[in-house]
Amino acid sequence: MEWRDHGILLSLRRHGESSAIIDVFTEEHGRHAGVVRGGTSRKQAPVLQPGAQLDVTWRARLEDHLGHYQAEPLRSRAAAALSGRLALAGLNAVTGLLSFCLPEREPHGNLYTRSEQLLDLLDQEELWPLAYLRWELALLEDMGFGLDLSACAVTGATRGMIFVSPKSGRAVSAKGAGDWADRLLPLPPVLLGEGAATDTEIEQGLRTTGFFLEARLAPSLGRHPLPEVRGRFVDAFTRRL
């Protein structure tokens, strides 16, 4: 068995004396693990860093075997990850959530493209929080927990939505919320693709996406809680408010 693809390195762990097992989110083969011989050597270690973009060739005797990778760097994101206070926390959040959420060996082409585009913005601190919020929306959508913000779940109105139902993931207007308003999640204009996308609105949006990641997606995977790296990124972002 053999294939070639390109992808994002999510994680690495030592295997034996000098080899490593790497987990790569590839465009056509999904999240896929394999052994890299000499992966912890002086030559390979600087290349095999989480977030790195790799050209990989995977080989195994049988399809269900762990197999071996030959990995060549396409671009490193190490410098970008150290470019600002949010960058490293953001990189860890993305790779951590992908490792947590993605099933093994199942392609997610749209999410892959969104993830690659997001990581290429690492050194642009002013763009990153909004891009990251939109990426979490895409992650929820791809995992089957997308939010329906097209119309109020109660009245059918397409304007004036300011809440999200934690039960259905649908938008709710102020009129439709009624006495239930204090039990609903915030729906800032930024989640609708409207307004100036202020940091305060992005923080509210992250509160809403975080609820569905924590209370809906994680339990569906039989895993709980979310990786701590997601919370660390949100904390780092809210400190600048």
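Residues numbered from 1 in each chain as written. Predicted model: local features only at pLDDT ≥ 70, side-chain atom pairs only at ≥ 80, totals over all residues. Heavy atoms only, no water.

Caption draft 1: The arrangement of the UniProt feature "domain: DNA replication/recombination mediator RecO N-terminal" (unreviewed entry) in the chain in detail. Listed under "domain: DNA replication/recombination mediator RecO N-terminal" (unreviewed entry) in the UniProt record, and renumbered for this structure, are residues 1-75. What you have in residues 1-75 is 0% helix and 59% strand, and the ends, taken at the C-alpha atoms, are 27 Å apart. (UniProt positions renumbered as here; feature names shortened; annotations may be inferred. Helix = DSSP H or I, 4+ residues; strand = E, 2+ residues; numbered from the N terminus.)

Caption draft 2: Seen up close, the domain arrangement of the chain. In terms of domains, the chain is made up of domain 1 (2-75) and domain 2 (79-149 + 187-239). When each unit is reduced to the centre of its C-alpha atoms, the spacing between domain 1 and domain 2 is 24 Å. If you look at the interface, domain 1 gives 22 residues, while domain 2 gives 19 residues. Remark: the boundary between domain 1 and domain 2 carries 2 salt bridges. One salt bridge connects Arg75 with Asp120, and the closest N-O pair in it is separated by 3.0 Å. At the junction of domain 1 and domain 2, the tally comes to 9 residue pairs in polar contact (both at pLDDT 80 or more). Looking at the side of domain 1 that touches domain 2, the elements with two or more residues in it are strand S1 (2-15), strand S2 (19-26), strand S3 (30-36) and strand S4 (53-59). Partitioning the side of domain 1 that touches domain 2 into residue classes produces 7 nonpolar, 9 polar and 6 charged. (Domains from an automatic or database assignment. Contact = heavy atoms within 4.5 Å. Salt bridge = Lys/Arg side-chain N within 4 Å of Asp/Glu carboxyl O. Polar contact = N/O pair within 3.5 Å; in protein donor to acceptor, adjacent residues only side chain to side chain. Nonpolar A, V, L, I, M, F, W, Y, C, P; charged D, E, K, R; others polar.)

Caption draft 3: Local environment of the pattern of salt bridges. According to the stated counting rule, one finds 13 salt bridges in the structure shown. Between Arg59 and Glu2 there is a salt bridge, and its shortest N-O distance comes to 3.3 Å. A residue pair is termed long-range when its members are at least 10 positions apart, and Arg59 in strand S4 and Glu2 in strand S1 qualify at 57 residues. A residue is classified by how much of its surface remains accessible, and Arg59, at 37% relative accessible area, is partly exposed. Since its relative accessible area comes to 57%, Glu2 is described here as exposed. In this structure, Arg240 engages Asp199 in a salt bridge whose closest nitrogen and oxygen atoms are separated by 2.9 Å. Of this pair, Arg240 sits in the segment after helix H7 (228-238) while Asp199 sits in helix H6 (residues 199-220), and the two are 41 residues apart along the sequence. Residue Asp199 is classed as partly exposed on the basis of its relative accessible area, which comes to 24%. (Buried < 20%, exposed > 50% of the residue type's maximum accessible area, 1.4 Å probe, protein only.)

Caption draft 4: Local environment of unusual backbone geometry. In this structure, Arg105 takes a positive phi of about 60° despite not being glycine. Mapped onto the elements of the fold, Arg105 is located in the loop between helix H2 (87-101) and helix H3 (109-119). Looking at Arg105, the relative accessible area reads 32%, which means it is partly exposed. A positive phi angle is found at Ala197, which is not glycine, with a value near 55°. Among the structural elements, Ala197 can be located in the loop between strand S8 (185-186) and H6.

Caption draft 5: Inspection of H2 at higher detail. Here H2 is 15 residues long and its end C-alpha atoms lie 21 Å apart, about the 21 Å a rise of 1.5 Å per residue gives. For H2, the buried fraction is high: 12 of the 15 residues fall into the buried class. (Expected span 1.5 Å × (residues − 1).)

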